[in-house]
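Structure at a glance
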2 protein chains.
Amino acid sequence: MAGTKRERPKVSNKTDGNRTQMAYRKIKEMMFNYDIVPGQRLIFVDFANRLGVSRTPINNALSILANEGFLDFIPNQGYRVHEITREEANHLYEIREIIELGAIELAIKKVSPEKLKTLETQKKLYEKSVMQQVTRGRFTLDQEFHACYVQMAENPYLTDYFREVYQRIFLRHRIEGLPVGRSREVVIEHKEIFKAISMKDVGAAQKLIKQHIRAGKDYIFSAIFGQKSI
Amino acid sequence: MAGTKRERPKVSNKTDGNRTQMAYRKIKEMMFNYDIVPGQRLIFVDFANRLGVSRTPINNALSILANEGFLDFIPNQGYRVHEITREEANHLYEIREIIELGAIELAIKKVSPEKLKTLETQKKLYEKSVMQQVTRGRFTLDQEFHACYVQMAENPYLTDYFREVYQRIFLRHRIEGLPVGRSREVVIEHKEIFKAISMKDVGAAQKLIKQHIRAGKDYIFSAIFGQKSI
DNA sequence: TAATGTAATATTGTATGCAATATTAAATGT
DNA sequence: ACATTTAATATTGCATACAATATTACATTA
(Lines give C-alpha, C1' and ligand atoms only; values in the text may rest on other atoms or scores of the structure.)
Protein backbone atom coordinates (compact mmCIF):
# COMPACT_ATOMS: atom_id res chain seq x y z
CA MET A 1 0.00 0.00 0.00
CA ALA A 2 3.03 2.25 0.24
CA GLY A 3 2.98 5.18 -2.10
CA THR A 4 -0.77 5.01 -2.55
CA LYS A 5 -2.54 8.29 -3.09
CA ARG A 6 -3.53 9.74 0.27
CA GLU A 7 -7.14 9.13 1.12
CA ARG A 8 -9.64 11.32 2.85
CA PRO A 9 -13.31 10.69 3.50
CA LYS A 10 -15.64 12.75 1.33
CA VAL A 11 -17.31 14.70 4.12
CA SER A 12 -15.77 15.57 7.43
CA ASN A 13 -18.72 14.31 9.46
CA LYS A 14 -19.80 17.71 10.76
CA THR A 15 -20.77 16.38 14.19
CA ASP A 16 -17.21 15.26 14.81
CA GLY A 17 -15.63 18.60 14.06
CA ASN A 18 -12.13 17.98 12.83
CA ARG A 19 -10.08 14.85 13.32
CA THR A 20 -7.97 16.26 16.14
CA GLN A 21 -11.06 17.05 18.21
CA MET A 22 -12.58 13.70 17.37
CA ALA A 23 -9.40 11.93 18.44
CA TYR A 24 -9.22 13.98 21.62
CA ARG A 25 -12.78 13.01 22.56
CA LYS A 26 -12.41 9.34 21.68
CA ILE A 27 -9.14 8.92 23.53
CA LYS A 28 -10.52 10.62 26.63
CA GLU A 29 -13.54 8.35 26.36
CA MET A 30 -11.24 5.34 26.18
CA MET A 31 -9.56 6.49 29.36
CA PHE A 32 -12.84 6.73 31.19
CA ASN A 33 -13.88 3.31 29.96
CA TYR A 34 -10.55 1.97 31.22
CA ASP A 35 -9.97 0.83 27.70
CA ILE A 36 -6.54 2.32 28.28
CA VAL A 37 -5.29 2.33 31.85
CA PRO A 38 -2.91 4.35 34.03
CA GLY A 39 0.70 3.55 33.27
CA GLN A 40 -0.06 2.22 29.82
CA ARG A 41 2.05 3.54 26.99
CA LEU A 42 0.11 5.00 24.10
CA ILE A 43 1.33 4.19 20.63
CA PHE A 44 0.50 6.68 17.88
CA VAL A 45 -0.07 4.15 15.10
CA ASP A 46 -2.38 2.04 17.23
CA PHE A 47 -4.71 4.97 17.79
CA ALA A 48 -4.32 6.05 14.20
CA ASN A 49 -5.46 2.64 13.00
CA ARG A 50 -8.13 2.29 15.66
CA LEU A 51 -9.65 5.69 14.90
CA GLY A 52 -9.03 5.51 11.17
CA VAL A 53 -6.91 8.64 10.92
CA SER A 54 -3.25 9.45 10.53
CA ARG A 55 -0.77 10.08 13.33
CA THR A 56 -1.03 13.85 12.96
CA PRO A 57 -4.38 14.40 14.70
CA ILE A 58 -3.46 11.74 17.27
CA ASN A 59 -0.31 13.65 18.06
CA ASN A 60 -2.30 16.82 18.55
CA ALA A 61 -4.88 15.15 20.75
CA LEU A 62 -2.25 13.50 22.92
CA SER A 63 -0.32 16.71 23.43
CA ILE A 64 -3.50 18.41 24.63
CA LEU A 65 -4.36 15.56 27.00
CA ALA A 66 -0.82 15.64 28.38
CA ASN A 67 -1.10 19.37 28.93
CA GLU A 68 -4.33 18.79 30.86
CA GLY A 69 -2.52 16.35 33.11
CA PHE A 70 -4.25 13.18 31.97
CA LEU A 71 -1.14 11.87 30.29
CA ASP A 72 2.54 11.92 31.06
CA PHE A 73 4.94 12.75 28.32
CA ILE A 74 8.60 11.90 28.01
CA PRO A 75 10.40 13.23 24.93
CA ASN A 76 11.17 10.45 22.47
CA GLN A 77 9.40 7.97 24.69
CA GLY A 78 5.88 9.03 24.06
CA TYR A 79 2.82 9.26 26.22
CA ARG A 80 1.50 7.21 29.10
CA VAL A 81 -1.78 7.45 30.92
CA HIS A 82 -0.95 9.38 34.07
CA GLU A 83 -0.78 7.19 37.12
CA ILE A 84 -1.73 9.41 39.99
CA THR A 85 -0.18 8.93 43.40
CA ARG A 86 -2.03 9.03 46.69
CA GLU A 87 -0.41 12.37 47.37
CA GLU A 88 -1.66 13.79 44.08
CA ALA A 89 -5.13 12.46 44.75
CA ASN A 90 -5.04 14.29 48.06
CA HIS A 91 -4.09 17.48 46.30
CA LEU A 92 -6.91 17.10 43.82
CA TYR A 93 -9.40 16.57 46.63
CA GLU A 94 -8.10 19.73 48.28
CA ILE A 95 -8.75 21.70 45.12
CA ARG A 96 -12.11 20.10 44.63
CA GLU A 97 -13.10 21.24 48.09
CA ILE A 98 -11.86 24.77 47.47
CA ILE A 99 -13.72 24.99 44.17
CA GLU A 100 -16.98 23.56 45.45
CA LEU A 101 -17.04 25.62 48.63
CA GLY A 102 -16.23 28.74 46.67
CA ALA A 103 -18.80 27.93 44.02
CA ILE A 104 -21.60 27.23 46.46
CA GLU A 105 -21.30 30.71 47.94
CA LEU A 106 -21.77 32.27 44.52
CA ALA A 107 -24.42 29.72 43.57
CA ILE A 108 -26.61 30.45 46.55
CA LYS A 109 -26.61 34.13 45.67
CA LYS A 110 -28.14 33.14 42.36
CA VAL A 111 -30.64 30.40 43.19
CA SER A 112 -33.92 30.38 41.33
CA PRO A 113 -36.86 27.95 41.30
CA GLU A 114 -35.79 26.70 37.85
CA LYS A 115 -32.25 26.04 38.96
CA LEU A 116 -33.44 24.21 42.05
CA LYS A 117 -35.68 22.11 39.86
CA THR A 118 -32.72 21.13 37.70
CA LEU A 119 -30.62 20.34 40.74
CA GLU A 120 -33.41 18.23 42.17
CA THR A 121 -33.64 16.30 38.92
CA GLN A 122 -29.93 15.51 39.08
CA LYS A 123 -30.27 14.52 42.71
CA LYS A 124 -33.10 12.14 41.80
CA LEU A 125 -31.20 10.58 38.91
CA TYR A 126 -28.50 9.48 41.28
CA GLU A 127 -31.10 8.29 43.77
CA LYS A 128 -32.80 6.26 41.11
CA SER A 129 -29.61 4.53 40.04
CA VAL A 130 -29.07 3.49 43.65
CA MET A 131 -32.65 2.27 44.10
CA GLN A 132 -32.51 0.28 40.90
CA GLN A 133 -29.02 -0.94 41.73
CA VAL A 134 -27.56 0.29 38.46
CA THR A 135 -23.91 0.76 39.36
CA ARG A 136 -22.73 1.57 35.87
CA GLY A 137 -22.36 5.30 35.35
CA ARG A 138 -23.16 6.17 38.95
CA PHE A 139 -19.95 8.09 39.41
CA THR A 140 -20.92 10.25 36.43
CA LEU A 141 -24.31 10.91 38.00
CA ASP A 142 -22.59 12.03 41.18
CA GLN A 143 -20.39 14.31 39.12
CA GLU A 144 -23.46 15.77 37.45
CA PHE A 145 -25.10 16.58 40.76
CA HIS A 146 -22.02 18.42 41.95
CA ALA A 147 -21.43 20.05 38.57
CA CYS A 148 -25.03 21.21 38.69
CA TYR A 149 -24.62 23.42 41.74
CA VAL A 150 -21.19 24.54 40.61
CA GLN A 151 -22.90 25.60 37.40
CA MET A 152 -25.42 27.60 39.42
CA ALA A 153 -22.53 29.96 40.22
CA GLU A 154 -22.79 31.00 36.57
CA ASN A 155 -19.09 31.05 36.06
CA PRO A 156 -18.20 28.83 33.11
CA TYR A 157 -14.48 28.78 33.94
CA LEU A 158 -15.27 27.54 37.42
CA THR A 159 -17.37 24.73 35.98
CA ASP A 160 -14.55 23.82 33.61
CA TYR A 161 -12.00 23.68 36.38
CA PHE A 162 -14.37 21.65 38.53
CA ARG A 163 -14.91 19.09 35.80
CA GLU A 164 -11.23 18.83 35.06
CA VAL A 165 -10.38 18.20 38.70
CA TYR A 166 -13.21 15.74 39.19
CA GLN A 167 -12.24 13.81 36.08
CA ARG A 168 -8.62 13.64 37.11
CA ILE A 169 -9.71 12.14 40.40
CA PHE A 170 -12.01 9.72 38.64
CA LEU A 171 -9.20 8.46 36.51
CA ARG A 172 -7.33 7.53 39.62
CA HIS A 173 -10.06 5.56 41.17
CA ARG A 174 -11.35 3.23 38.50
CA ILE A 175 -14.43 3.77 40.52
CA GLU A 176 -16.77 1.82 38.29
CA GLY A 177 -15.13 -1.35 39.50
CA LEU A 178 -15.50 -0.53 43.16
CA PRO A 179 -18.16 -1.97 45.46
CA VAL A 180 -21.19 0.27 45.86
CA GLY A 181 -20.41 0.80 49.51
CA ARG A 182 -21.37 4.34 50.35
CA SER A 183 -24.13 5.10 47.85
CA ARG A 184 -27.01 5.01 50.36
CA GLU A 185 -25.23 7.59 52.50
CA VAL A 186 -24.49 9.64 49.41
CA VAL A 187 -28.19 9.81 48.61
CA ILE A 188 -28.91 11.16 52.08
CA GLU A 189 -26.05 13.65 51.92
CA HIS A 190 -27.14 14.93 48.51
CA LYS A 191 -30.59 15.43 49.96
CA GLU A 192 -29.19 17.48 52.85
CA ILE A 193 -27.01 19.54 50.55
CA PHE A 194 -29.96 20.21 48.28
CA LYS A 195 -32.00 21.32 51.27
CA ALA A 196 -29.31 23.73 52.49
CA ILE A 197 -29.03 25.23 49.02
CA SER A 198 -32.76 25.67 48.62
CA MET A 199 -32.82 27.38 52.02
CA LYS A 200 -29.94 29.59 50.90
CA ASP A 201 -27.92 28.65 53.94
CA VAL A 202 -24.33 29.13 52.77
CA GLY A 203 -22.73 28.03 56.02
CA ALA A 204 -24.74 24.83 56.24
CA ALA A 205 -24.21 24.00 52.58
CA GLN A 206 -20.46 24.50 52.88
CA LYS A 207 -20.27 22.36 56.00
CA LEU A 208 -22.30 19.56 54.42
CA ILE A 209 -20.37 19.63 51.16
CA LYS A 210 -17.07 19.54 53.00
CA GLN A 211 -18.20 16.52 55.01
CA HIS A 212 -19.59 14.87 51.89
CA ILE A 213 -16.38 15.28 49.90
CA ARG A 214 -14.21 14.10 52.76
CA ALA A 215 -16.39 11.08 53.53
CA GLY A 216 -16.29 10.10 49.86
CA LYS A 217 -12.57 10.56 49.78
CA ASP A 218 -12.02 8.49 52.90
CA TYR A 219 -14.19 5.73 51.55
CA ILE A 220 -12.38 5.66 48.24
CA PHE A 221 -8.96 5.86 49.82
CA SER A 222 -9.66 2.94 52.11
CA ALA A 223 -11.15 0.97 49.23
CA ILE A 224 -8.11 1.62 47.07
CA PHE A 225 -5.20 2.02 49.45
CA GLY A 226 -6.63 0.10 52.36
CA GLN A 227 -6.29 3.15 54.55
CA LYS A 228 -7.78 6.53 55.25
CA SER A 229 -6.47 9.58 53.48
CA ILE A 230 -3.20 11.29 54.44
CA MET B 1 14.37 25.16 -2.62
CA ALA B 2 11.34 22.99 -3.25
CA GLY B 3 12.01 19.29 -3.09
CA THR B 4 15.18 19.80 -1.07
CA LYS B 5 16.07 17.12 1.42
CA ARG B 6 14.39 17.84 4.76
CA GLU B 7 16.70 19.48 7.22
CA ARG B 8 17.12 19.09 10.93
CA PRO B 9 19.68 20.62 13.24
CA LYS B 10 22.28 18.13 14.48
CA VAL B 11 21.42 18.38 18.17
CA SER B 12 17.99 19.05 19.57
CA ASN B 13 19.17 21.81 21.92
CA LYS B 14 18.45 19.94 25.13
CA THR B 15 17.39 23.05 27.01
CA ASP B 16 14.55 23.62 24.59
CA GLY B 17 13.13 20.13 24.85
CA ASN B 18 11.42 19.32 21.60
CA ARG B 19 10.21 21.78 19.01
CA THR B 20 6.59 21.64 20.09
CA GLN B 21 7.46 22.65 23.62
CA MET B 22 9.82 25.32 22.38
CA ALA B 23 7.12 26.72 20.12
CA TYR B 24 4.60 26.61 22.95
CA ARG B 25 6.89 28.61 25.22
CA LYS B 26 7.91 31.13 22.59
CA ILE B 27 4.38 31.79 21.42
CA LYS B 28 3.14 32.25 24.97
CA GLU B 29 6.04 34.61 25.53
CA MET B 30 5.04 36.55 22.44
CA MET B 31 1.55 36.91 23.86
CA PHE B 32 2.85 38.31 27.11
CA ASN B 33 5.10 40.72 25.25
CA TYR B 34 2.07 41.83 23.24
CA ASP B 35 4.04 40.84 20.22
CA ILE B 36 0.78 39.21 19.19
CA VAL B 37 -2.37 40.79 20.50
CA PRO B 38 -5.93 39.76 21.37
CA GLY B 39 -8.03 39.31 18.27
CA GLN B 40 -5.04 38.78 16.01
CA ARG B 41 -5.14 35.81 13.71
CA LEU B 42 -2.18 33.49 13.97
CA ILE B 43 -0.79 32.09 10.73
CA PHE B 44 1.05 28.77 10.91
CA VAL B 45 3.73 29.58 8.33
CA ASP B 46 4.55 32.89 9.95
CA PHE B 47 5.39 31.22 13.22
CA ALA B 48 7.12 28.39 11.43
CA ASN B 49 9.41 30.87 9.67
CA ARG B 50 9.84 33.05 12.73
CA LEU B 51 10.80 30.13 14.98
CA GLY B 52 12.69 28.24 12.31
CA VAL B 53 10.60 25.08 12.46
CA SER B 54 7.93 23.46 10.35
CA ARG B 55 4.17 23.87 10.73
CA THR B 56 3.79 20.63 12.65
CA PRO B 57 5.15 21.72 16.03
CA ILE B 58 3.41 25.09 15.61
CA ASN B 59 0.14 23.28 15.12
CA ASN B 60 0.71 21.29 18.28
CA ALA B 61 1.63 24.33 20.31
CA LEU B 62 -1.37 26.29 19.12
CA SER B 63 -3.80 23.49 19.87
CA ILE B 64 -2.48 23.34 23.43
CA LEU B 65 -2.73 27.10 23.90
CA ALA B 66 -6.27 27.03 22.56
CA ASN B 67 -7.16 24.27 24.97
CA GLU B 68 -5.83 26.39 27.81
CA GLY B 69 -8.08 29.22 26.77
CA PHE B 70 -5.43 31.63 25.54
CA LEU B 71 -6.48 31.21 21.93
CA ASP B 72 -9.76 30.84 20.12
CA PHE B 73 -10.03 28.23 17.45
CA ILE B 74 -12.44 28.05 14.55
CA PRO B 75 -12.16 24.99 12.32
CA ASN B 76 -10.65 25.87 8.95
CA GLN B 77 -10.18 29.42 10.08
CA GLY B 78 -7.33 28.92 12.44
CA TYR B 79 -6.41 30.48 15.73
CA ARG B 80 -6.78 33.94 17.18
CA VAL B 81 -5.50 35.35 20.45
CA HIS B 82 -8.48 35.20 22.75
CA GLU B 83 -10.06 38.57 23.34
CA ILE B 84 -11.58 38.40 26.77
CA THR B 85 -14.78 40.26 27.59
CA ARG B 86 -15.44 42.22 30.73
CA GLU B 87 -17.75 39.46 31.86
CA GLU B 88 -15.05 36.84 31.41
CA ALA B 89 -12.56 38.99 33.28
CA ASN B 90 -15.05 39.16 36.13
CA HIS B 91 -15.32 35.40 36.14
CA LEU B 92 -11.58 35.00 36.22
CA TYR B 93 -11.31 37.39 39.16
CA GLU B 94 -13.96 35.34 40.95
CA ILE B 95 -11.91 32.22 40.51
CA ARG B 96 -8.73 33.95 41.47
CA GLU B 97 -10.35 34.99 44.72
CA ILE B 98 -11.60 31.48 45.40
CA ILE B 99 -8.21 29.97 44.71
CA GLU B 100 -6.23 32.46 46.74
CA LEU B 101 -8.56 32.39 49.73
CA GLY B 102 -8.59 28.62 49.67
CA ALA B 103 -4.85 28.44 49.27
CA ILE B 104 -4.09 30.84 52.10
CA GLU B 105 -5.93 28.65 54.57
CA LEU B 106 -3.76 25.68 53.64
CA ALA B 107 -0.66 27.84 53.40
CA ILE B 108 -0.97 29.21 56.90
CA LYS B 109 -1.15 25.67 58.27
CA LYS B 110 2.24 25.12 56.73
CA VAL B 111 4.18 28.32 57.37
CA SER B 112 7.82 28.04 58.30
CA PRO B 113 10.56 30.62 58.82
CA GLU B 114 12.14 29.68 55.48
CA LYS B 115 8.88 30.11 53.60
CA LEU B 116 8.25 33.46 55.25
CA LYS B 117 11.73 34.52 54.25
CA THR B 118 10.99 33.63 50.62
CA LEU B 119 7.68 35.44 50.74
CA GLU B 120 9.34 38.49 52.22
CA THR B 121 11.91 38.46 49.44
CA GLN B 122 9.14 38.49 46.85
CA LYS B 123 7.36 41.25 48.70
CA LYS B 124 10.54 43.32 48.69
CA LEU B 125 11.20 42.74 44.99
CA TYR B 126 7.87 44.35 44.16
CA GLU B 127 8.55 47.14 46.64
CA LYS B 128 11.93 47.79 45.07
CA SER B 129 10.50 48.06 41.58
CA VAL B 130 8.06 50.68 42.87
CA MET B 131 10.74 52.64 44.70
CA GLN B 132 13.03 52.63 41.70
CA GLN B 133 10.11 53.37 39.39
CA VAL B 134 10.78 50.37 37.19
CA THR B 135 7.35 49.74 35.70
CA ARG B 136 8.45 47.03 33.31
CA GLY B 137 7.76 43.55 34.72
CA ARG B 138 5.97 44.87 37.77
CA PHE B 139 2.85 42.85 37.04
CA THR B 140 4.98 39.71 36.99
CA LEU B 141 6.46 40.64 40.35
CA ASP B 142 2.97 41.01 41.76
CA GLN B 143 2.10 37.60 40.35
CA GLU B 144 5.18 36.14 42.00
CA PHE B 145 4.22 37.51 45.40
CA HIS B 146 0.77 35.97 45.15
CA ALA B 147 2.11 32.74 43.62
CA CYS B 148 4.52 32.55 46.50
CA TYR B 149 1.89 32.22 49.18
CA VAL B 150 -0.25 30.00 46.97
CA GLN B 151 2.83 27.80 46.68
CA MET B 152 3.08 27.68 50.45
CA ALA B 153 -0.06 25.55 50.37
CA GLU B 154 2.18 22.86 48.91
CA ASN B 155 -0.33 21.81 46.32
CA PRO B 156 1.27 21.98 42.87
CA TYR B 157 -2.05 21.68 41.07
CA LEU B 158 -3.35 24.68 42.96
CA THR B 159 -0.31 26.70 41.96
CA ASP B 160 -0.80 25.68 38.34
CA TYR B 161 -4.44 26.72 38.34
CA PHE B 162 -3.55 29.99 40.03
CA ARG B 163 -0.94 30.83 37.43
CA GLU B 164 -3.24 29.92 34.58
CA VAL B 165 -6.00 32.15 35.89
CA TYR B 166 -3.68 35.01 36.67
CA GLN B 167 -2.10 34.82 33.22
CA ARG B 168 -5.44 34.76 31.51
CA ILE B 169 -6.36 37.93 33.36
CA PHE B 170 -3.02 39.49 32.50
CA LEU B 171 -3.60 38.87 28.84
CA ARG B 172 -6.74 40.90 29.06
CA HIS B 173 -5.23 43.87 30.66
CA ARG B 174 -2.12 44.68 28.68
CA ILE B 175 -1.15 45.92 32.06
CA GLU B 176 2.39 46.86 31.18
CA GLY B 177 1.04 49.79 29.25
CA LEU B 178 -1.11 51.07 32.09
CA PRO B 179 -0.20 53.97 34.36
CA VAL B 180 1.39 52.88 37.61
CA GLY B 181 -1.55 54.19 39.58
CA ARG B 182 -2.09 51.91 42.49
CA SER B 183 1.38 50.53 43.12
CA ARG B 184 2.06 52.46 46.34
CA GLU B 185 -1.14 51.05 47.84
CA VAL B 186 -0.20 47.61 46.59
CA VAL B 187 3.07 47.79 48.50
CA ILE B 188 1.20 48.59 51.71
CA GLU B 189 -1.36 45.86 51.12
CA HIS B 190 1.29 43.26 50.42
CA LYS B 191 2.93 44.27 53.69
CA GLU B 192 -0.33 43.78 55.58
CA ILE B 193 -0.96 40.43 53.93
CA PHE B 194 2.55 39.31 54.76
CA LYS B 195 2.03 40.31 58.37
CA ALA B 196 -1.26 38.40 58.64
CA ILE B 197 0.37 35.31 57.18
CA SER B 198 3.36 35.48 59.48
CA MET B 199 0.96 35.82 62.42
CA LYS B 200 -0.96 32.80 61.10
CA ASP B 201 -4.19 34.76 61.17
CA VAL B 202 -6.28 33.05 58.50
CA GLY B 203 -9.30 35.32 58.88
CA ALA B 204 -7.27 38.51 58.60
CA ALA B 205 -5.24 37.21 55.68
CA GLN B 206 -8.37 36.20 53.79
CA LYS B 207 -10.02 39.54 54.42
CA LEU B 208 -6.93 41.46 53.30
CA ILE B 209 -6.40 39.34 50.21
CA LYS B 210 -10.03 39.71 49.22
CA GLN B 211 -9.81 43.49 49.55
CA HIS B 212 -6.50 43.55 47.72
CA ILE B 213 -7.78 41.53 44.78
CA ARG B 214 -10.96 43.58 44.52
CA ALA B 215 -9.19 46.90 44.76
CA GLY B 216 -6.81 45.82 42.03
CA LYS B 217 -9.66 44.66 39.90
CA ASP B 218 -11.61 47.87 40.35
CA TYR B 219 -8.56 49.90 39.48
CA ILE B 220 -7.87 47.90 36.37
CA PHE B 221 -11.48 47.86 35.28
CA SER B 222 -11.80 51.60 35.57
CA ALA B 223 -8.50 52.09 33.76
CA ILE B 224 -9.60 49.83 30.94
CA PHE B 225 -13.33 50.13 30.74
CA GLY B 226 -13.69 53.51 32.35
CA GLN B 227 -15.94 52.05 34.99
CA LYS B 228 -15.90 49.87 38.07
CA SER B 229 -16.38 46.12 37.81
CA ILE B 230 -19.76 44.43 37.28
C1' DT C 1 22.06 -18.71 33.82
C1' DA C 2 22.90 -13.91 33.90
C1' DA C 3 25.05 -10.12 31.88
C1' DT C 4 26.46 -7.64 28.03
C1' DG C 5 26.77 -6.30 23.48
C1' DT C 6 24.74 -5.90 18.84
C1' DA C 7 21.62 -6.15 15.14
C1' DA C 8 16.70 -5.75 13.93
C1' DT C 9 12.54 -3.49 14.71
C1' DA C 10 9.49 -0.06 16.43
C1' DT C 11 8.36 4.53 17.60
C1' DT C 12 8.70 9.31 17.89
C1' DG C 13 9.50 14.02 15.94
C1' DT C 14 9.06 16.85 12.33
C1' DA C 15 9.16 18.47 7.45
C1' DT C 16 6.48 18.51 3.57
C1' DG C 17 3.01 17.59 -0.20
C1' DC C 18 -1.54 18.09 -1.44
C1' DA C 19 -6.73 18.43 -1.14
C1' DA C 20 -10.30 21.15 1.02
C1' DT C 21 -11.62 25.40 2.54
C1' DA C 22 -11.30 30.18 3.38
C1' DT C 23 -9.78 34.69 2.10
C1' DT C 24 -8.49 38.19 -0.90
C1' DA C 25 -8.25 40.47 -5.32
C1' DA C 26 -10.04 41.36 -9.72
C1' DA C 27 -13.65 41.73 -12.81
C1' DT C 28 -18.24 42.56 -13.84
C1' DG C 29 -22.59 44.50 -13.49
C1' DT C 30 -25.80 47.90 -11.31
C1' DA D 1 -19.13 54.32 -6.32
C1' DC D 2 -21.14 50.07 -4.54
C1' DA D 3 -22.61 45.38 -4.63
C1' DT D 4 -21.86 40.74 -6.64
C1' DT D 5 -19.72 37.22 -8.92
C1' DT D 6 -15.49 34.92 -10.27
C1' DA D 7 -10.74 33.97 -10.36
C1' DA D 8 -6.38 33.91 -7.85
C1' DT D 9 -4.08 33.27 -3.64
C1' DA D 10 -3.48 31.89 1.03
C1' DT D 11 -4.29 28.85 4.77
C1' DT D 12 -5.70 24.95 7.17
C1' DG D 13 -6.03 19.86 7.95
C1' DC D 14 -4.19 15.78 7.27
C1' DA D 15 -1.41 11.88 5.43
C1' DT D 16 2.92 10.48 4.84
C1' DA D 17 8.11 10.13 4.35
C1' DC D 18 12.22 9.79 6.68
C1' DA D 19 15.87 10.76 10.29
C1' DA D 20 16.73 10.29 15.16
C1' DT D 21 15.97 7.76 19.01
C1' DA D 22 14.27 4.08 21.79
C1' DT D 23 13.07 -0.64 22.40
C1' DT D 24 13.23 -5.33 21.63
C1' DA D 25 15.16 -9.71 20.08
C1' DC D 26 18.98 -12.22 19.54
C1' DA D 27 23.56 -13.71 19.89
C1' DT D 28 27.81 -13.89 22.57
C1' DT D 29 30.48 -14.22 26.46
C1' DA D 30 31.49 -14.77 31.40
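Everything below is about the structure shown above.
Description of the structure in this document.

Rules used throughout
- Residues numbered from 1 in each chain as written.
- Chains lettered and ligands numbered in written order.
- Predicted model: local features only at pLDDT ≥ 70, side-chain atom pairs only at ≥ 80, totals over all residues.
- Heavy atoms only, no water.
- Phe/Tyr/Trp six-rings, centres within 6.5 Å; stacked < 30°, edge-to-face > 60°.
- Helix = DSSP H or I, 4+ residues; strand = E, 2+ residues; numbered from the N terminus.
- Buried < 20%, exposed > 50% of the residue type's maximum accessible area, 1.4 Å probe, protein only.
- Lys NZ or Arg CZ within 6 Å of the ring centre and 35° of its normal.
- Salt bridge = Lys/Arg side-chain N within 4 Å of Asp/Glu carboxyl O.
- Pairing = 2+ DSSP bridges.
- Expected span 1.5 Å × (residues − 1).
- Contact = heavy atoms within 4.5 Å.

What to know about the packing of aromatic side chains
- Counted under the stated rule, the structure contains 21 aromatic pairs over all chains.
- Consider the rings of A:Tyr161 and B:Tyr161, whose centres lie 4.9 Å apart with planes at 80°: the pair is edge-to-face. Here A:Tyr161, found in helix 7 (residues 156–173), pairs with B:Tyr161, found in helix 7 (residues 156–173), and the two come from separate chains.
- The class of A:Tyr161 is buried, set by a relative accessible area of 6%.
- Their ring planes at 45° and their centres at 4.8 Å tell us that B:Phe139 and B:Phe170 sit as a pair that is tilted. A residue pair is termed long-range when its members are at least 10 positions apart, and B:Phe139 in helix 6 (residues 138–151) and B:Phe170 in helix 7 qualify at 31 residues. Across this residue pair, the class does not change: B:Phe139 and B:Phe170 are buried.
- Taken together through their ring pairs, the aromatic side chains of A:Phe32, A:Tyr34, A:Phe70, A:Phe139, A:Phe162, A:Tyr166 and A:Phe170 make up a single cluster.
- Here the basic side chain of A:Lys123 rests over the ring of A:Phe194, its NZ or CZ set 4.9 Å away from the ring centre.

A closer look at the pattern of salt bridges
- Here the structure, examined in full by the defined rule, presents 22 salt bridges over all chains.
- The salt bridge involving A:Lys124 is made with A:Glu120; its shortest N-O contact spans 4.0 Å. Taken together, the residues A:Lys124 and A:Glu120, both in helix 5 (residues 113–131) and four residues apart, mark about one turn of the helix.
- Residue classification places A:Lys124 among the partly exposed positions, given a relative accessible area of 45%.
- Of the charged contacts in the structure, one is a salt bridge between B:Arg96 and B:Glu100, with a shortest N-O distance of 2.7 Å. On the criterion of helical spacing, the pair formed by B:Arg96 and B:Glu100 is a turn pair, its members being four residues apart in helix 4 (residues 86–109). Of the two residues examined, B:Arg96 and B:Glu100, each falls in the buried class.
- Each of A:Lys117, A:Glu120 and A:Lys124 takes part in salt bridges that share partners, so that together they form one network.

Looking at the sheet that holds strand 1 (residues 41–42) of chain A
Residues and elements named next belong to chain A.
- Pairing in this open sheet of three strands is antiparallel, and the strands run 1-3-2 from one edge to the other. Across the chains shown, the open sheet's two edge strands, defined by having one partner strand only, are strand 1 and strand 2 (71–74).
- In this structure, strand 1 lies alongside strand 3 (residues 78–81), joined through two bridges in antiparallel fashion. Bridging from a neighbouring strand, arginine 41 pairs with arginine 80 of strand 3.

So, helix 5 of chain A
All names here are of chain A.
- Along its 19 residues, helix 5 runs 26 Å from first to last C-alpha, staying within 8% of the 27 Å computed at 1.5 Å per residue.
- Looking at the buried side of helix 5, the elements it contacts are helix 6 (138–151) and helix 8 (183–198).
- Where helix 5 ends, the next residue or the one after it, glutamine 133, has phi of about 55°, a positive value.

Some words on the sheet that holds strand 1 (residues 41–42) of chain B
- The strand order 1-3-2 (chain B) describes an open sheet built from three strands, whose pairing is antiparallel. Bordering the open sheet on either side are strand 1 and strand 2 (71–74) of chain B, each of which pairs with just one other strand.

This is a description of form; function is not addressed.
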